[in-house]
Amino acid sequence: MLRATLKSLLARKVRLLLSGLAVVLGVMFVSGAFVLTDTLGRSFDAVFADAYEGIDVNVAGKPKVALSEMQGEQVPAATVQRIAGVPGVAEATGVVTTDGAQLIGSNGKVVTSFGPPQLGSNWRGESDLVTLREGREPRADDEIVVNAALAQAGKVKVGDRVGVLTPLVPKETFTLVGVFGYSGDRDSIGGVNEIAFTTPVAQRLLLGERDTFTNVTVRAAAGVDDVALRDDVARTLGDGFEVKTGAQLSADASASLKEGLSFFNKILLGFAAVALLVGTFLILNTFSIIVAQRTRELALMRAIGASGRQIIGSVVLEAVAIGLIASVLGLGAGIGIGALLAYVFGNLAGGLTLAGIGVPASAVVGSFAVGLLITVVAALLPALRAARIPPIAAMQDVANPDRPLTRVTVTGGVITGIGAVLLFLGLSGNAGDNTLAVILGGVLFAFIGVALLTPLISRPVVSLLGAIFAWSVPGKLGRLNSGRNPRRTAITAAALMVGIALVTGVTVILDSAKGSIGALAQDTIKAELVISGASTGPRPASFDPAVLTKVAALPGVQLADGEYGDMGMVDGKVTWLAASSDVTALQRIFGAKATAGDISRLGPDQMLFSSDAARSRNISVGSTVTVQASRGEPRTYTVSGIYESSELTSPVQLPPQAVKDFAIPKPNQGFIQLAPGTRVADVQPQVEALLADSPEVSVADRDAFIEQQTGSLDSLLTMIQILLALAIVIAVLGIVNTLALSVLERTRELGLLRAIGLRRAQTMRMITVEAVVISVFGALLGIVVGVGLGAAVVRALKDDGITDLILPWGQMGLFLLLAAVIGVVAAVLPAVRAARINVLGAIAHD
């Protein structure tokens, strides 16, 4: 039986490997995800180990706001002296370092960084890690040095006068007196751009206070244990400080980045799951067709003594062989893809030095587990069907008539119902902490259920679609062939349906979100011009608040408002804090309506709440609230008004005086309202001129601003469509495989058609029509399912501001056209093979 199975496998190796290719692509995603995250994880471990090399103990103030990304409280210079006096300390150095120092390059534009920080620091001299390559250290207040990576990116050299933007103050100009690099001839560590000032200037620009530091690095005396010294320093300083060893700092920083990588890893695994789901349909269909073609062969085996268990084992063994081969090939391809993505990520991160490409055990185990599981599960149903073939079938011409669809239809209805229930629970917020898992489970059940219901509608729908081509004999034959086996047509179409449904659903959701946000902004924002900038790092773009005063003085300007923001604590709860330079903007620009109290003015000790935030915190006019911003001491405010909640307004509004304690005490957006009759074109160039010293922001009219804010959704949609294209590629393989097997199954029929006058070109057109009809049917099914899923999500997000359901009619039409093209492409090889059939041999074929 084993020899017979192996011979059977070798006889159909091309068709089975074509099915296995779907598994190869899915496994490639799985292994590639693990290889990528492992490589980047080890690379970041090395980066932070280098960055904290030479630091035995580090002391930093605890952050005012309990968020991991918030900078700690500043360390006074006196504390540095206290630390230096602790027994076992060889040296204590005050450090100023914070993100947000941006160099203006030789082209007048800000040197951006997509991911790595842009550090500003105090120059602390050369060390084993940092050495000057050109020039000298900064000595005067108007002198800086930069790392080599930043000098190259900004195309600046020693002696140049350059502009620098920092979080606390407007643009200042410095002389570049030196360029430094790092050990190992590196221009940067992890792609970081760094500007170093003299210590007093760094304190003024980055901290806003003299004689303070962000942290203190400690070098232990010879023979002193780092952990013991850490504990001694912590006891000396008491509460209010975070004291860690250099090894702890490195591990914490690396763990934070790895958390982000794990999210990326889950995204890749999600797309792998989609590819494998589509591949499951393909393998199921392939094995079903092969079992149907081998009915006589399998019956003959039963007649000569093979048991049903042996027949099942034979089919499953073929699946295991395919799974093993696909896993090996997928693992190899995944290693290559993981290495390529790591290389691309390293370049995007500013030249991250990659650790050697490794293959973690999780990649190997995951590849083989997924590859074998998918193929065996997909082949199990055809294997059970094969075991039921009676021995008497060996003596008959078995036509494999269609079985009744009652059972599969009922099963499909039940599974679809389960999917609908899970989606309802997930989207309505009734799934607790398992919301994402419940939604994904609902989508999976919905896809399987629809696939099982598809045979019920395939024949009438396919017949209707095929009527388009029924004007010719090949068209009529292709139409009949595509509907002759509803189950086979349904499974083939379902593979394409999954990819198209996901793309359509995501498009519906993102287009609806974009349309809803755009409509809300158009209806709400009563400003003709908006000042804003795109963030290229963790800090938002900002500009000099003095610009607003100058804008307000321009002819035709009715109101110039600056919007500030910061993360803070309101009565102990982390909350986004907002403040406006002109409090009346809340009503005049954003259309806020008072529900209690007065929201038209704010005293220095007063604040406003949105209605939702007030309700959730049991706040009313007259309540007192304690607010802690990123900097400064806690302040107590009295609630003087409550305004109606909106997607465009913050939960709380502080007075303008509060912004001095914000992490960035500069506005990140500005809204300009013009007097009636004033043309935008007359005012916009004047505002642009005033922003000359704030190159990271620009001014745009309201429509352009809204387009900028929603543009990221278009980029997200493009990325998702590219990744989901893999599922569509697998579906194309499924159509090719189905048609190839169908041509083989109908060899005698094709020979007879050719014998009675069907020409080769007509034969090819017949196969092409069949492929196009199946492809368009799958796309149509996917569009319907995708629109349904997308509409359900949009409906669930109604309370979150997505109020308009927008259907992408143009893209849906494009999907149908693409499906027709897919059908034509998929039909090429099977059609050529059908046209080349030897007529006499085909007629004699058994």
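Preceding this section is the structure that the text describes.
A. Highlighting the sheet that holds strand 3 (residues 89-95). Strand order across the open sheet formed by four strands is 3-13-1-14, with antiparallel pairing between neighbours. Sheet topology places strand 3 and strand 14 (241-245) at the edges, where each strand pairs with a single neighbour. Between one strand axis and the next, the sheet turns by 20° as a mean value, whatever way the strands run. In this structure, strand 3 lies alongside strand 13 (residues 215-220), joined through six bridges in antiparallel fashion.

B. Examining the nonpolar core more closely. With 109 residues, the main nonpolar core has Phe-281, Phe-447, Met-497, Val-498 and Ile-767 as its most contacted residues. Looking at which element gives the most residues to this core, the answer is helix 21 (residues 760-796), with 16 residues. Ignoring anything within four residues of it in the chain, the contact list for Phe-281 reads Ala-451, Ile-491, Ala-494, Ala-495 and Val-498. Of all hydrophobic cores here, the second largest spans 41 residues; its members include Leu-103, Leu-168, Ala-202 and Val-218.

C. Broad picture of helix 5 (residues 199-207). Looking at helix 5, one finds that the buried residues are Val-201, Ala-202, Gln-203, Leu-205, Leu-206 and Leu-207. Turning to helix 5, the residues buried within the fold contact strand 4 (97-99), strand 6 (118-122), strand 10 (172-182), strand 11 (193-197) and strand 12 (212-213). Two residues or fewer past helix 5, Gly-208 is found with a positive phi of approximately 80°.

D. Region of interest: the packing of helix 3 (residues 77-84) against helix 6 (residues 226-237). Here helix 3 crosses helix 6 at 130°, and the two axes come no closer than 10 Å. With respect to helix 6, the axis of helix 3 lies oblique. Handedness of the helix 3/helix 6 crossing: right-handed. For the pair helix 3 and helix 6, contact is made by Thr-79, Arg-82 and Ile-83 and by Val-233, Thr-236 and Leu-237, respectively. Among the residues forming the contact of helix 3 with helix 6, the class breakdown is three nonpolar, two polar and one charged.

What counts and how
- Residues numbered from 1 in each chain as written.
- Predicted model: local features only at pLDDT ≥ 70, side-chain atom pairs only at ≥ 80, totals over all residues.
- Heavy atoms only, no water.
- Pairing = 2+ DSSP bridges.
- Helix = DSSP H or I, 4+ residues; strand = E, 2+ residues; numbered from the N terminus.
- Axes fitted to C-alpha atoms, helices over the stretch in contact; angles between N-to-C directions.
- Core = buried A, V, L, I, M, F, W, Y, C linked by side-chain atoms within 4.5 Å.
- Buried < 20%, exposed > 50% of the residue type's maximum accessible area, 1.4 Å probe, protein only.
- Contact = heavy atoms within 4.5 Å.
- Parallel < 35°, antiparallel > 145°, perpendicular 65-115°, else oblique.
- Left-handed = near helix turned anticlockwise from the far one by under 90°.
- Nonpolar A, V, L, I, M, F, W, Y, C, P; charged D, E, K, R; others polar.

Interpretation in functional terms is not warranted from these geometric data alone.
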